[in-house]
Structure formats: C-alpha cells, structure tokens
Amino acid sequence: MTHPSIITANLLRSGEVVYLGNDGRWTTELSDARIADTPAARSEIEAVAAEAAAANEIVSAYLMDVRIEAGTPAPASMRETIRAQHRPTV
Amino acid sequence: MYRYDSYDHAFVRSRASQFRDQVRRRLTGELSEEQFRPLRLHNGLYLQLHAYMLRVAIPYGVLSSSQLRTLADIARQYDRGFGHFTTRQNIQFNWIKLEDAPDILDALAAADMHAVQTSGNCIRNVTADPYAGVAADEIEDPRVWAEVLRQWSSVHPEFLFLPRKFKIAISGALEDRAAVLFHDIGLRIVKGRDGRSGFAVHVGGGQGRTPYVAQELRGFLPREHLLSYLEAVMRVYNLHGRRDNIYKARIKILVNAIGIDEFRRQVEAEWSGIDKPQIDLPEAEYARIAAHFAPKKFARRPVAAAAVARRRATDAAFDRFYRNNTAAHRTPGYRTVTIALKEPGLIPGDMTADQMDAVADLARRHSGDELRITYTQNIVLPTVAIDDLATVYDGLVAAGLASANAGLLTDIIACPGLDYCNLANARSIPLAQAIAARFAAPERVEDIGELRLNISGCINACGHHHAGNIGILGVDKKGTEHYQITLGGSPGDDADIGAIVGPSFPAEDVPGAIETLVETYLALRQGPSETFLAAYRRLGLAPFKAALYAGTSNTGTTDEARAPQLTAAGV
Ligand code: SF4
C-alpha cells in the first residue's frame, strides 16, 4: 500500500520547522513539500535528508504521512498541523 | 538573597564560554548532532516541537527584579516577546535559535543566572516554598539549605550521570506549599526535641507514568548532616537505579521495589561508612550562606491601613484580590502578594516582556527588590506593605495581571502540551482557557472555593495532574485528543494521587464535565467551609462518577492503555 509522505526536519541553526520542497530546498511551507508516494520515492527523499543532516543543515529529520488536498500535501495529525503553523493554536 | 561570589561567577562564565565553543563546533560540523545533543541538554537547550527551547534555572524560585528584567530582555531580543514559567519554578523560552544561545547564556551569566542542569539525568533545580523567609508559619528559612544544595549538586562529579533526572524540594514552614511529597527527595525543616532544627527526609515521590507519594526515610536528621546523608541516598540510588529501563529508572521505582525499610537500611549502611566531616557543610560555610538570607528588618508600616480598608469597602475587585491573592506575612504591616499568571484568555504561566518589566518595577519599589516563582506557575511579591497594596494592585491592573483567583478553580496549572511539546498527546493550553472561560464569573469561582485543577498533555505529568483535586490528562485516542479526568489528588501535607473517574472525554466535552463535577460538589458539600477535596474524601468517587456519566453513552470500560493504573504500578 502506498501512502503519500514528505520529509520534515528542523534547521540546525535556527531550529525552524522545515520540509523538503519540490525545488530541493528546505521550506517552511508544508504545502510546498515534495510528495513521495512509492517506496522508491520515499527512499529518495530520505537520502536527500540524510545528506542535508550530514552537511549540518538540518536535524531531527523524519518521514511523515500527509493527506493530499487538491494535489497539495496537508498535515494528517494535530501535532503536524501545529508544527506546520509555526505557532501554538492559541 | 544569595549573590554570586567570584567562584560562582567564574563557574557560570566558563560554562557559557565552553558552550559557545561547542555551538561553534556544532555549526561547523566538528561535532555531530549525536555528540552535541548531550552537551546542549546539559545547558538546558532542548529541540522542541517548533524550535529550540531554553530552560533557565531560577534557583528555588527566587529572582531579583533586575534578573526578571534580564529575562524580559532575552524574551524581547531572542524570543517572541514572552516566556513561560513552569511547575519547576523555572522559565522556558520557546523560540530560541541555536546560533543565539551562547549570547543568551552570556546575558544570563552577567545577571547571576544559568541554564546548567535544567535537563539531563542529574540533580535538577532545587525547588522551595515560594513564601520562604516571609511566611507567618515558617520554622526556618529553607532558602539557606536550598542554596547549599544548589552548590553541592552543581556539577557534583558523582551525580552528573544518574539513572534518571532527580528533583529535590524543600520547605521550612508548617504548611507544605512546595509539593514536597511529590519529589525524589522531599525535605521538611523540623525542630528536634532539644529545639535544634533538622530535616524530615522523604524519598521516592514523583508523578509521571507511575505516581507515588514520597515516604518518610528519616523523621529527624540533624541539619549539620544533610549533605553526607543525601550523598548516602544518592549513592544507593546511583548504584541500584534501573539504568536498563527508562520507565523504571527513577528512585521512586527503586524505593517501592525493595521497600522503604530495605532502602533505609541500605542508606544507613552507606551513611555509616561515609567520612562525614569530609562531606558535611562546615559551620562557617553555613554561616556565610545564611548571611545572604539574614532576616531583613522591615520599616514599621501601619497594620490597619485606612486607605486599604476604604478601598476594600468600595472596590469589590480589589477586595477579592486582597482575600484571595494576599497572605499573612511574618512582619505585622505587610502581606505576601500572589500575582496569578492566570488572566482569562491568556496562557497559564506565560508572561510578556512588558509584563516582566512592570512586575520587576513593582518588586523594586514595593517588595524589597525580590520576587518568587511558584510551582503553580504564579509570581509572588514576598513583602508588600499593606499601605502599598492598592498601588501594587493598580500596577497589576495596568499590566493585565490582577486576576484575583490564586488557589481557586481558574488558577489552573497547565503544561505547554501539544502546542509546544514534542512528547505531548494533546493540547493543554486551549483546554485551560476553555475551562477558565466557562468559569468566568469571579463570584462563582470564589464561592466554589479552594480547588486545584491541573492539566498535563501527556503522562509525563509536568502539569501535575496526579496532584490536582481535579486532574486532566491528555491522551491519544485513535489519533484524536481526549482527556482523562482524575479526582482527589492533593499536593499538600495530605498528599494524594488522583483516581481515574472513568472513560476519557473529547476536548469539547471537558468544560461541561468540570462543570458537572463542580455542581455535584456544590450540591453535596456540607457548607462553604468544606472544600472540594474534603467533600470528595467524605463522599468518594461514586456520586461524581454517577453525575459525570449519567445519561451518556460514555460508560464503556476505561480504554486508555496509557492510563496510570496505580494498583499495577509496574515495578
Ligand atoms: S506533561 Fe507531557 S505534554 Fe506536558 S510538557 Fe510534560 S512532556 Fe510535554
């Protein structure tokens, strides 16, 4: 079964929550994240993240599931919704 | 209060400069994240849900007004303009950049502050009675010993890599205002038969996944032996604590696994072999530290201030503040004032930089330049002349900090929860706000009376839900935020752990559930003098449970795998 995933992390310097974007850069916008929906695609974005971690650009990277809304990724849990907003819900 | 000497200054400065170098090496890649992580944690820097979070130690909750100004400056310059006071009497900044952290530690060091040992498996910031030194019911000022313990435990080579974190609380008063019995070691200053003071030593208390009330290890320990005795306790724990299992690594698990009597036997055996004069505090050193806390002579101020009496008679809000937020002071003519960081609509324990400055100013002008942080996430102005109360109150109104609800239902303890915390199951803050909004009428809250309501976003229990008369615990039920309610917990002398009332509720039902519990209490209490806790103890769980689940389909079995089952403590 394939479910759409993206890679998220924190920037090492600032701690900001970021996502691996379509253009290969790290973005703070979850909706711009590069979607992987096959095992091979997931391995590929994981490899990009490992490289960025080795280059001291990011920390704490992990693969996360997303929902797709009108072709755009959206957070699938309250935790990731809050992270993606970069602020508390209050 | 204690002022750093040249040794303290040199120590925190050198730690700050070490950390600057460690950050530099991390940013250039000389240190890997794996190598760096323990170093950053030893300096209080976590990677949280949104960003780095810096936890700054406030030793036994005591701050000078200039230190609070420093915290305000840090909030403004390096964070988003606010900070969060925690149940450990510390402050957390939520939006810190790693590259700024060395500058922040320097700013702290310049103000006699640091973030050392606010994380990691070491002895953490010692907490104490926020009324220390001024309480009318005090036997002896616990700050002297809290400071002794701070110095003893700071980079103590033997206790930097304990099986798990370790928390010590101390109180020198008749009433426990420091939740002493919920700490790894809880110390109460007591008088011995000969009139000399010493400590009642309790061990093995704590919350989290497996909550326990601490048990008495020694009824009376002569005070001069505190350090050698604590070394013996720490050694027994360090040797036998379960390093193999993070859930079983706290001292409470050890104490309850082998029993308090066996634990005591081992401690006494260890203690008898310790070279006590080598470790115990020399009397001269005690005197040096105690001199920092010498009782101040306060100017004589009128005991019955006519202006205050008039204001109380004409201003109901001020009168309510006086009743709920001020307490007896040991010196006639003064009161101790609690600033509840629980304004409706705001975040429990949060304070903006401007509010910090305003409160620092009030403390400077009206409270001997000093403030305290309480584990209930409030601030205390320890010494305010009754004559100045109206001025202080007006200053608090202007700063938006005059909620008159200290110790009442809306004086809610709430951990950061899922809005900030990486470990959370559910949010705490919006729930605290929803409950506060439900109980917005101050007359009603006052009529309900003393009631401790505590919220944690997960079983780690930073929000002390186990010790709440009403406790709320966030649980994850099939990916949605649910909340489990416990009743009958108490943080005080009659410490107790709350009992789970039944199946959990979705967030939107929780304020109504609290309302039901409160209405049940009001209907059944024997009078306003019977508190919620007293009524619960008389009546038991049954009437509350019946009211809570009456007419609902929510009567199934308790379904949270994460629920702490006290009978199956898993030791
Ligand atoms: S109780 Fe849980 S959610 Fe709340 S601050 Fe502690 S670890 Fe985070």
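Residues numbered from 1 in each chain as written. Chains lettered and ligands numbered in written order. Predicted model: local features only at pLDDT ≥ 70, side-chain atom pairs only at ≥ 80, totals over all residues. Heavy atoms only, no water.

**Q** Just to check I follow, could you spell out the site of the ligand for this structure?
**A** Every residue lining the ligand is accounted for by Cys415, Pro416, Gly417, Cys421, Leu423, Ala424, Ser456, Gly457, Cys458, Asn460, Ala461 and Cys462 of chain B. When the residues that make up the shell around the ligand are grouped by side-chain class, the tally is 8 nonpolar, 4 polar and no charged. (Near = heavy atom within 4 Å. Nonpolar A, V, L, I, M, F, W, Y, C, P; charged D, E, K, R; others polar.)

**Q** Just checking my understanding: could you explain the interface of chain B and chain A for this structure?
**A** Interface extent is often summarised as the accessible area lost during association of the parts. Between chain B and chain A, the contact holds 27 residues from the first and 20 residues from the second. Of all residues in chain B, Leu27, Leu49 and His50 of chain B bury the most surface against chain A, accounting for 26% of the area lost on that side. For the pair chain B and chain A, the number of links is 1 salt bridge. We note a salt bridge from Arg13 of chain A to Glu99 of chain B, for which the minimum N-O separation is 3.0 Å. At the boundary of chain B and chain A, one finds 9 residue pairs in polar contact (both at pLDDT 80 or more). Secondary-structure elements contributing two or more residues to the side of chain B that touches chain A are helix H1 (6-28), strand S5 (91-96) and helix H15 (429-438) of chain B. Across the side of chain B that touches chain A, the residue classes break down as 13 nonpolar, 6 polar and 8 charged. (Contact = heavy atoms within 4.5 Å. Buried area = accessible area lost by both parts, 1.4 Å probe. Salt bridge = Lys/Arg side-chain N within 4 Å of Asp/Glu carboxyl O. Polar contact = N/O pair within 3.5 Å; in protein donor to acceptor, adjacent residues only side chain to side chain. Helix = DSSP H or I, 4+ residues; strand = E, 2+ residues; numbered from the N terminus.)

**Q** Explain the nonpolar core to me, please; I cannot follow it from the model alone.
**A** Nonpolar side chains tend toward joint burial in soluble globular proteins. All names here are of chain B. By size, the foremost hydrophobic cluster in this structure holds 62 residues, and its most contacted members are Leu71 and Val359. Two domains each donate at least three residues to this core, and these are domain 1 (6-110) and domain 3 (306-399). Trp145, Ile185, Met234 and Ile289 belong to the second largest nonpolar core, which has 52 residues in total. (Core = buried A, V, L, I, M, F, W, Y, C linked by side-chain atoms within 4.5 Å. Buried < 20%, exposed > 50% of the residue type's maximum accessible area, 1.4 Å probe, protein only. Domains from an automatic or database assignment.)

**Q** Can you help me understand the pairing of strand S14 (residues 370-373) of chain B in this one?
**A** Walk down a regular strand and you will see the side chains alternate between the two sheet faces. Residues and elements named next belong to chain B. The side-chain alternation of S14 yields two buried faces, one formed by Glu370 and Arg372 and the other by Leu371 and Ile373. In this sheet, S14 lies alongside strand S3 (residues 62-64) in antiparallel orientation, the contact comprising 3 bridges. Residue pairing in the sheet places Val62 in a bridge with Arg372 of S14. One ladder, built from 2 bridges, connects S14 with strand S15 (residues 379-385); its direction is antiparallel. Bridge pairing links Arg372 to Val380 in S15. Taking the residues that link successive antiparallel strands as the turn, the S14-S15 hairpin has 5 residues, and the phi of Gln377 there is positive, at about 70°. (Pairing = 2+ DSSP bridges.)

**Q** Explain helix H12 (residues 316-325) of chain B here, please?
**A** Residue and element names in this part refer to chain B. A large share of H12 lies buried, amounting to 7 of its 10 residues. Turning to H12, its buried residues number three or more, namely Phe318, Asp319, Arg320, Phe321, Tyr322, Asn324 and Asn325. Summarising the contacts, the buried residues of H12 are in contact with helix H11 (306-314), strand S11 (326-328), strand S12 (334-339), helix H14 (389-399) and helix H16 (442-448). At the N-terminal boundary of H12, the capping side chain belongs to Asp315, with an oxygen 3.1 Å from the backbone nitrogen of Ala317.

**Q** Would you mind showing me how to read the packing of helix H3 (residues 65-78) of chain B against helix H4 (residues 101-110) of chain B here?
**A** Helices that pack against each other are described as a pair by the angle of their axes relative to one another and the distance between those axes. All names here are of chain B. The contact between H3 and H4 brings their axes to 10 Å, and the two run at 165°. Considered as vectors, H3 and H4 are oriented roughly antiparallel to each other. As for how H3 packs across H4, the hand of that crossing is right-handed. Every residue of H4 that contacts H3 at Thr70, Leu71, Ile74 and Tyr78 is listed here: Asp103, Ile104, Ala107 and Leu108. (Axes fitted to C-alpha atoms, helices over the stretch in contact; angles between N-to-C directions. Parallel < 35°, antiparallel > 145°, perpendicular 65-115°, else oblique. Left-handed = near helix turned anticlockwise from the far one by under 90°.)

**Q** Which parts of the structure should I look at to understand the sheet that holds S3 of chain B?
**A** In sheet architecture, strand pairing relies on hydrogen bonds along the backbone and comes in two forms, parallel and antiparallel. Residue and element names in this part refer to chain B. With respect to topology, 5 strands assemble into an open sheet ordered S3-S14-S15-S12-S11, the strand pairing being antiparallel. On the outer flanks of this sheet lie S3 and S11, each paired with one strand and no other. Taken over all neighbouring pairs, the strand axes of this sheet differ in orientation by 35° on average, direction set aside. Across 5 bridges, the pairing between S12 and S15 is antiparallel. In the strand pairing of S15, Val337 is matched with Leu381. Along the sheet, H3 contacts S3 and S14; its crossing angle with S3, the most-contacted strand, is approximately 85°.

**Q** Quick question: what am I supposed to make of the packing of aromatic side chains here?
**A** Aromatic rings considered in pairs are described by the distance between their centres and by the relative angle of their planes. All names here are of chain B. Counted under the stated rule, the structure contains 15 aromatic pairs over all chains. Aromatic pair Phe318 and Tyr393: ring centres 5.2 Å apart, planes at 70°, arrangement edge-to-face. You can see Phe318 sitting in helix H12 and its partner Tyr393 sitting in helix H14, a full 75 residues away along the chain. In terms of burial, Phe318 and Tyr393 fall into one category: buried. (Phe/Tyr/Trp six-rings, centres within 6.5 Å; stacked < 30°, edge-to-face > 60°.)

**Q** Which parts of the structure should I look at to understand the sheet that holds strand S6 (residues 127-128) of chain B?
**A** Residues and elements named next belong to chain B. Here 5 strands make up an open sheet; going across it, the order is S6-S7-S8-S9-S10 and the pairing mixed. Two strands close off the open sheet at either side, each with one partner strand: S6 and strand S10 (215-222). Here strand S9 (residues 197-203) pairs with S10 via 5 bridges, running antiparallel. Counted as the bridge partner of Val201 is Arg218 from S10. Relative to the sheet, helix H6 (residues 226-240) contacts strand S8 (185-191), S9 and S10, its axis offset from that of S10 by approximately 150°. Contacts from helix H8 (residues 260-272) reach S9 and S10 within the one sheet, and its direction differs from that of S10 by about 30°.

**Q** Which parts of the structure should I look at to understand unusual backbone geometry?
**A** Outside of glycine, negative phi angles account for most residues, and trans bonds account for most peptide bonds. All names here are of chain B. Positioned with a positive phi, His464 is a non-glycine residue whose angle comes to about 55°. Residue position: His464 is located in the loop between strand S17 (453-456) and strand S18 (470-477). A positive phi angle is found at Lys478, which is not glycine, with a value near 50°. Here Lys478 lies in the loop between S18 and strand S19 (480-487). Take Lys478: its relative accessible area is 81%, and that puts it in the exposed class.

**Q** What is the right way to look at the domain arrangement of chain B in this model?
**A** All names here are of chain B. Domain boundaries assigned for chain B yield domain 1 (6-110), domain 2 (134-293), domain 3 (306-399) and domain 4 (413-570). Contacts between the two partners involve 8 residues from domain 1, matched on the other side by 10 residues from domain 2. Note on domain 1 versus domain 2: buried area summed over both sides is about 720 Å², and carbon and sulfur give 64% of it. When the buried area of domain 1 at its contact with domain 2 is split by residue, His42, Tyr60 and Arg88 rank highest and sum to 63% of it. Taken together, the connections running from domain 1 to domain 2 amount to 1 salt bridge. Among the ionic pairs, Arg150 bridges to Asp8, the shortest N-O distance being 3.5 Å. In terms of residue count, H1 provides more of the side of domain 1 that touches domain 2 than any other element does, 3 residues in total. Of the residues belonging to the side of domain 1 that touches domain 2, the class tally is 4 nonpolar, 1 polar and 3 charged.

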